[in-house]
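Remarks on the overall topology
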Amino acid sequence: MDKREQFYKKLKKKLKKDTAFPAKYLFKFIVPASEEKIIQVEDIFDFTGAVITKTSSKTGKYVSLSILVVMNKADDIIVKYMEAEKVEGIISL
């Protein structure tokens, strides 16, 4: 099992233990300040009722995205993280 799989397995266990679903969940990502990258992340949460807050870094090279959305189960959260991994240059916090 690689580190990525271990991370998601551990996250799922923690979410199931600590969270009563459905629950509001805050995703935080940092992406290069490219409109294309920002749109890619926003599209992952399209039609979910997510509230997305964008903040540019001081240098303007990066954008922080805070996404608050109601999730129905731990697996749904992990799916969103896996979809976000496909955005080049993204950092999940």
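Now for a quick tour of the structure. None of these values were measured; they are calculated from a predicted model.

Here is the key point about a regular strand: its side chains alternate between the two faces of the sheet. Bridge analysis of strand S2 (residues 51–56) against strand S3 (residues 62–71) gives six bridges, and the strand direction is antiparallel. Each residue of the ladder has a partner; that of Thr55, found in S3, is Ser64. Here S2 folds back onto S3 in antiparallel fashion, the turn holding five residues, of which Gly60 has a positive phi close to 80 degrees.

Strands in a sheet are paired, the pairing made by backbone hydrogen bonds, and the direction either parallel or antiparallel. An order of S2-S3-S1-S4 is seen for the four strands of this open sheet, with the pairing classed as antiparallel. The sheet is open, and its two borders are formed by S2 and strand S4 (91–92), each paired with just one other strand. Inspection of the sheet shows strand S1 (residues 23–32) paired to S4 by two bridges, in the antiparallel sense. Along S4, the bridge assignment pairs Phe29 with Ser92. Those strands touched by helix H2 (residues 35–44) are S1, S2 and S3, and its axis lies near 160 degrees from that of S1.

To continue, consider the pairing of S1. The pairing of S1 with S3 spans ten bridges and is classified as antiparallel. Residue pairing in the sheet places Phe27 in a bridge with Ile67 of S3.

Definitions and cut-offs
Residues numbered from 1 in each chain as written. Predicted model: local features only at pLDDT ≥ 70, side-chain atom pairs only at ≥ 80, totals over all residues. Heavy atoms only, no water. Pairing = 2+ DSSP bridges. Helix = DSSP H or I, 4+ residues; strand = E, 2+ residues; numbered from the N terminus. Contact = heavy atoms within 4.5 Å. Axes fitted to C-alpha atoms, helices over the stretch in contact; angles between N-to-C directions.

Just distances and angles here, no functional claims.
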